[in-house]
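Survey of secondary and tertiary structure
Given next are the chains, with one letter for each unit.
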Amino acid sequence: MDSFLKDTAASILASGRDLKEVTVILPNRRAGLFFIRQLGELIENPSWMPEVKTIEQVFTGLTGQVPADDLSLVFELYEVYCQLQPEPEDFDRFYFWGELILKDFNDIDQFMADAKTLYRNLSEIKSFESDLSYLTEEQIKLIEQFWKSFKSQEEKEKEKFLRFWQVLGDLYERFNAHLDVSGKYYSGKIYKNGVLQLDRMATPAKHHVFVGFNAFTITEEKLIKHFIKNFGAEIFWDVDAYYFNDQRQESGLFFRNYKKDPVFGPTFPDEIPSGIISKSKVISTYAVPLKINQANLVGHLLKHVKPSEALEETVVILPDETLLFPALHAIPENIQKLNVTMGYPIRNAPVYAFLDAVLDLQRFIKVRDGVTYFYHKPVIDLLSFTYLTDADRVFVNNLKTHISETNSLEIHEEVLTKGGGLFTLIFKRVEAASLFDYLGDLLSHLAEQLKDDTIQRSYLFQTYKLLNRMEENFTGSRLGELKTEFFLKLFRQLFREVKLPFDGEPLEGLQLMGVLESRNLDFKRVIICDVNEGSFPPGGSINSMIPFNLRRAFGLPVQEQNDAIYAYTFYRLLHRAEEVHLIYSTSANQGKAGEMSRFLQQMQVELDIEGPKVVMLEASLTPSREIVMEKTPAILETLNQYIVKSDPEIHRKKLSASGINTYLDCSLRFYFRYVAGLKEKEEVAAEVDAGVFGSILHRAIEFLYEVPEGKEFRKITSHELERIRLQVPLMVDKAIREFYHLDEGKAIQITGQMQIVREIFVNYIQAIIEYDMQNGDFSILGLEKEYHASIPVLIGGEIQPIGLYGLIDRVDEHQGIVRLLDYKTGKDNKNLESIGSLTERENKKRNKAGLQTMLYAYLYQFSNPTNRKPLKPGLFNVKEIFKDNFSPFLRMNKSEVENYFDHQEEFEAGLSTLLGEIFDPEVPFVQTDDTAKCSYCAYKEMCGR
């Protein structure tokens with residue numbers, strides 16, 4: 001196909017000049033590669049190729065100066081800033097402003113603005129803006145009402161604010177003088193120095209040809225004009241009459257101005273090419289519902305690429321880098337080669353997340369008695385990285401289990417370093433000054449560990465390079481002592497913009513490009529994504545410390561020029577395209593309305609292109625199918641393990657009240673948990689949630705009421721209760737210490753939430769003791785004791801004993817009645833509708849806690865078959881214990897359930913029937929119809945609920 005670079009190459013060849021005596025200057029290196037290829041295709045005989053440069057290389061060659069990296073320049077800028085400001089902010093706070101200031105300095109020099117005058121004007125503007133003395137008190141009050149955050153500033157703050165703006169002019173001059181001494185340069189300074197040397201420049205040995213430029217900076221304009229006027233240089237413009245002749249078209253803004261220039265004007269062709277005006281029939285526009293759908297549509301369009309077509313003649317333009325990987329995944333199998341010119345943000349690479357987690361680990365270290373402890377959360381985060389699991393998967397899994405089972409909020413360094421190797425490198429306390437060595441050692445170890453993984457090693461290499469740059473700048477600066485918090489902030493700021501280059505052959509395969517990478521290149525098939533207003537062209541304004549009016553007054557670029565550059569880049573892709581696909585999304589995204597770009601609207605009016613085709617991509621929105629688990633032989637074999645073969649106490653598998661309630665709530669959930677054995681994930685409880693609260697409360701009460709070893713019971717009198725009451729705070733602390741595995745004898749570090757919860761523990765337990773004192777002496781028979789039993793169930797025509805067990809919080813005897821009490825910290829109520837209702841699945845008022853305590857009565861009696869004393873089940877609901885006339889016992893028909901034996905037959909029959917259903921081969925496990933029960937179910941994702 002024909003292209004601008006091919007036509008330019010043909011013109012240079014036709015000029016008859018010796019190619020080795022020609023220098024071709026293009027906007028970027030990529031255009032240079034394509035130009036060389038086009039020229040090579042036109043040359044018939046062996047020949048020296050012309051020298052191909054970028055405009056930046058022309059300036060660096062002229063001055064002999066090379067731009068320093070932005071990081072080192074910001075460090076240098078901060079040093080000068082500290083000399084001018086009596087109270088400078090820390091570097092991490094300055095870094096963002098430093099980048100903006102450096103960018104402004106670059107613009108000032110690129111566009112040859114008078115920095116001294118500009119910053120004097122800026123200082124005066126800020127002084128005027130901060131002065132509210134001309135307002136009356138009433139006006140200030142009105143402003144305060146309108147702007148809630150508006151407050152009169154302290155005089156010192158105002159002075160500090162003004163000083164910042166006043167110092168910028170001096171900062172520019174002192175910074176440039178500082179760079180002259182240090183031998184460092186930013187691009188704008190090099191360009192300005194180059195222009196200042198033009199009058200002394202000797203005639204170049206080669207003929208210069210400038211190709212494909214659109215918007216010059218003042219320095220570029222002066223240099224190119226000098227070459228044209230004094231050295232006979234040529235310039236080739238890539239322009240189309242569609243936007244050149246139309247004063248309203250922003251894409252032709254710069255060309256129209258250059259056409260009027262006495263130097264540039266004569267270099268334009270007599271007849272401006274006109275290609276876009278005839279493109280209406282080859283341009284298709286598409287509207288898709290979601291941004292991500294654009295990638296699917298790209299994949300669909302690429303399926304039409306024929307095997308005989310040259311893939312490099314097709315380009316996919318991605319203004320938004322987040323579409324890169326979705327687009328790559330959508331590329332069809334018929335595309336075997338591709339070239340990606342966009343970089344992949346390193347912040348999305350796993351090595352960045354890993355190093356960020358490593359640095360986070362160092363922030364939460366505690367040292368007690370010379371021993372280092374790591375906070376559990378960053379440790380668990382690190383253990384999830386493949387770098388550690390690949391090093392020793394067994395150790396990682398065992399470590400996770402240990403942390404979870406022991407509920408370790410803080411982990412001893414010795415526990416973590418037992419894995420050796422990488423674990424020893426990571427889990428150690430590092431002083432801030434040694435962080436570079438620490439991270440460097442980690443990266444070196446990972447590079448060796450991942451020597452066969454090319455992509456991961458590429459991530460590591462780029463990260464290592466950036467860390468070395470950071471270290472060089474820190475070492476050569478006078479920033480003072482390095483702090484871990486500051487290091488982490490700077491690490492995140494620096495890595496946010498770094499991109500990893502893709503390796504590839506730029507001249508072969510399907511081309512995936514960003515917008516600006518496409519300059520000077522022509523393609524037969526063009527697919528442009530994200531052609532939305534706000535994305536193409538980008539919305540917002542130029543990030544600058546210099547306000548719009550001053551930028552315009554001093555000839556610095558403003559948003560209008562940026563829009564013109566983007567508009568030209570867009571329309572330039574249409575110059576020679578034979579097939580154009582423009583895609584935009586109709587959904588709002590990140591505050592941007594789902595509106596087509598104004599470029600599309602312009603073409604609809606001016607080129608009469610067709611309206612967008614609304615593309616509705618297939619989506620699987622059918623509801624998830626109902627899950628039914630039939631009781632296969634394998635499932636029945638698992639269920640049969642609950643059948644007791646000997647003594648229930650030594651039988652391994654038994655059902656608890658929790659399991660039975662789970663079956664009544666949802667039989668499928670019962671299957672997942674008790675048949676398939678899918679346990680819920682256990683996590684370290686850093687906060688005192690309901691489970692932690694209950695565990696500590698139960699244990700503290702057990703310590704207070706425990707039966708002495710070797711005794712069958714403990715008599716509790718009012719005198720004994722008085723003694724117990726005094727021990728409550730001590731036993732609460734003992735329970736907390738045990739739960740969090742804190743060493744005996746060491747002081748408990750109780751802060752924040754735990755301090756409040758500790759007082760609640762004490763108050764609740766004292767209320768229980770108060771209740772016991774009011775009701776007279778009693779004997780403790782057991783605390784937190786397991787009881788085991790079996791119950792006869794009809795299964796397949798045979799009576800089989802099914803194992804049951806339960807942990808009863810408290811069994812005591814009071815006035816000849818055995819009380820079976822369960823401590824509850826939730827909202828469980830004590831009212832039973834009926835005994836039968838306890839095992840009725842459809843009953844909305846079914847009392848789960850009631851079933852549990854009635855089962856406790858069954859378990860106790862099974863374990864004590866000679867007992868003839870009444871059994872009275874109850875719930876010590878601590879949230880109700882402060883109410884008047886509190887009673888812990890179950891109630892039915894407005895009276896207390898005085899004796900389990902009165903309801904034994906009905907309860908046991910109902911329980912046996914229910915268990916028979918669980919073991920019935922014909923009754924499958926199914927999902928509950930009540931989806932409200934799915935809200936907090938651990939398995940809801942598996943069900944699609």
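Bear in mind that the values here come from a model prediction, so they are computed numbers and not experimental data.

Attention now moves to the overall build of the chain. Within the chain, the regular secondary structure consists of 35 helices and 26 strands. For the chain, whose C-alpha radius of gyration is 39 Å, the value lies well above the compact-globule estimate of 30 Å for 945 residues. Dimensions of the chain along its principal axes, counting C-alpha atoms only, are 120 × 70 × 65 Å. Expressed as a percentage of the 945 residues in the chain, the buried residues total 50%. Pairs at least 24 residues apart make up 77% of the contacts formed inside the chain by residues separated by at least 6 positions. For the chain, the accessible area works out to roughly 47100 Å², and carbon and sulfur atoms hold 49% of it. Computing the positive centroid from 109 side-chain charges and the negative centroid from 138, the chain places the two 1 Å apart.

This part takes up the sheet that holds strand β1 (residues 22-26). In spatial order, the strands read β2-β1-β3-β4; together these 4 strands make up an open sheet with parallel pairing. The open sheet has two edge strands, β2 (51-54) and β4 (234-236), and neither has a second partner. Ignoring which end each strand starts from, the neighbouring axes of this sheet average 25° apart. Across 3 bridges, the pairing between strand β3 (residues 207-211) and β4 is parallel. Bridging from a neighbouring strand, phenylalanine 210 pairs with isoleucine 235 of β4. Taken strand by strand, helix α10 (residues 218-231) contacts β3 and β4, and its axis lies near 135° from that of β3.

To continue, consider the state of the cysteines. Taken as a whole and assessed by the stated rule, the structure comprises 0 disulfides. You can see cysteine 943 has no disulfide; the closest cysteine sulfur is in cysteine 937, sitting 6.3 Å from it. Accessibility expressed as a relative area gives 11% for cysteine 943, which makes it buried.

Time to look at the side chain of histidine 788. You can see histidine 788 is positioned in strand β19 (residues 778-795). You can call histidine 788 buried: its relative accessible area is 12%. Within the local environment of histidine 788, its side chain forms a polar contact with the side chain of glutamate 786, the two groups lying 3.2 Å apart. Dropping the residues within four chain positions of it, histidine 788 is found in contact with Pro648, Glu649, Lys654, Leu804, Tyr805, Leu859, Phe862 and Ser863.

With that out of the way, let us pick up the sheet that holds strand β24 (residues 891-892). In a beta sheet, neighbouring strands pair by backbone hydrogen bonds and run either parallel or antiparallel. Strand order across the open sheet formed by 3 strands is β22-β24-β25, with mixed pairing between neighbours. For this open sheet the edge positions go to β22 (831-832) and β25 (895-896), each flanked by a neighbour on one side alone. For β24 and β25, the ladder comprises 2 bridges, and the chain directions are antiparallel. Within β25, the residue paired with methionine 892 across the bridge is serine 895.

Once that is clear, we can look at the nonpolar core. Generally speaking, nonpolar side chains in soluble globular proteins are found buried as a group. With 91 residues, the main nonpolar core has Tyr119, Phe354, Leu382, Ile426 and Met470 as its most contacted residues. Broken down by element, this core gets its largest block of residues, 9 residues, from helix α4 (residues 70-84). Apart from the residues within four sequence positions on either side, isoleucine 426 is in contact with Phe354, Val358, Leu361, Gln362, Leu382, Leu388, Tyr438 and Leu442. Grouped together as the second largest cluster of nonpolar side chains are 79 residues, Leu223, Phe244, Phe523 and Ala577 included.

With respect to the element layout, phenylalanine 354 can be found in helix α15 (residues 350-363). Given the relative accessible area of 0%, phenylalanine 354 is considered buried. Remark: the alpha-carbon pair of phenylalanine 354 and serine 384, spanning 30 residues in sequence, is separated by 9.7 Å. When neighbours within four sequence positions are excluded, phenylalanine 354 is seen to be in contact with Leu382, Phe385, Tyr387, Leu388, Ile426 and Leu446.

On to the packing of aromatic side chains. Taken as a whole and judged by the stated rule, the model has 63 aromatic pairs. Ring geometry for phenylalanine 354 against tyrosine 387: centres 4.9 Å apart, planes inclined by 70°, an arrangement best described as edge-to-face. Separated by 33 residues along the polypeptide, phenylalanine 354 in helix α15 and tyrosine 387 in helix α17 (residues 386-391) bring together distant segments of the chain. We note that phenylalanine 354, like tyrosine 387, is buried.

Okay, α10 next. Here α10 contains 14 residues, and its C-alpha end-to-end distance of 19 Å stays within 8% of the 20 Å for a straight helix at 1.5 Å per residue. In terms of burial, α10 is largely enclosed, as 10 of its 14 residues are buried. Regarding α10, the residues found buried are Thr219, Glu220, Glu221, Leu223, Ile224, Lys225, His226, Phe227, Ile228 and Phe231. Buried residues in α10 make contact with α3 (55-63), α5 (91-110), α9 (187-196), β3, β4 and α12 (253-260). Just beyond α10, the residue with positive phi is glycine 232, at close to 70°.

The angle between the axes and the distance between the axes are what describe a pair of packed helices. Close contact between α12 and helix α25 (residues 559-572) brings their axes to 8 Å; oriented N to C, the two are set at 100°. As summarised for this structure, α12 and α25 are arranged roughly perpendicular, according to the angle between their axes. Counted together, Leu253, Phe254 and Phe255 of α12 and Glu560, Gln561, Ala564, Ile565 and Tyr568 of α25 form the full contact between these two elements. In terms of residue class, the contact of α12 with α25 is built from 6 nonpolar, 1 polar and 1 charged.

Right, let's get into the domain arrangement of the chain. On domain assignment, one finds that the chain holds domain 1 (4-65 + 197-209 + 220-231), domain 2 (70-184), domain 3 (276-343 + 505-614), domain 4 (347-500) and domain 5 (657-943). Here the C-alpha centre of domain 5 lies 44 Å away from the C-alpha centre of domain 4.

So, about the pairing of strand β15 (residues 579-585). Across the 7 residues of β15, 6 count as buried, placing the element largely inside the fold. Pairing analysis gives 6 bridges linking strand β5 (residues 283-288) to β15, with the strands arranged parallel. Along β15, the bridge assignment pairs threonine 285 with leucine 582. In terms of strand pairing, strand β14 (residues 525-528) meets β15 through 4 bridges, oriented parallel. Bridge assignment links valine 526 to a residue of β15, and that residue is valine 580.

Attention now moves to the environment of serine 123. Structurally, the position occupied by serine 123 is in helix α6 (residues 115-130). For serine 123, a relative accessible area of 13% puts it in the buried group. Contacts of serine 123, omitting those with residues within four sequence positions, involve Trp165 and Gln166.

What counts, and where the lines are drawn
Residues numbered from 1 in each chain as written. Predicted model: local features only at pLDDT ≥ 70, side-chain atom pairs only at ≥ 80, totals over all residues. Heavy atoms only, no water. Helix = DSSP H or I, 4+ residues; strand = E, 2+ residues; numbered from the N terminus. Rg over C-alpha atoms; globule rule 2.2 N^0.38 Å. Buried < 20%, exposed > 50% of the residue type's maximum accessible area, 1.4 Å probe, protein only. Contact = heavy atoms within 4.5 Å. Areas by Shrake-Rupley, 256 points an atom, 1.4 Å probe, with all protein chains shown as cover. Lys, Arg positive; Asp, Glu negative; His and termini not counted. Charge placed at Lys NZ, Arg CZ, Asp CG, Glu CD. Pairing = 2+ DSSP bridges. Axes fitted to C-alpha atoms, helices over the stretch in contact; angles between N-to-C directions. Disulfide = S-S within 2.5 Å. Polar contact = N/O pair within 3.5 Å; in protein donor to acceptor, adjacent residues only side chain to side chain. Core = buried A, V, L, I, M, F, W, Y, C linked by side-chain atoms within 4.5 Å. Phe/Tyr/Trp six-rings, centres within 6.5 Å; stacked < 30°, edge-to-face > 60°. Expected span 1.5 Å × (residues − 1). Parallel < 35°, antiparallel > 145°, perpendicular 65-115°, else oblique. Nonpolar A, V, L, I, M, F, W, Y, C, P; charged D, E, K, R; others polar. Domains from an automatic or database assignment.

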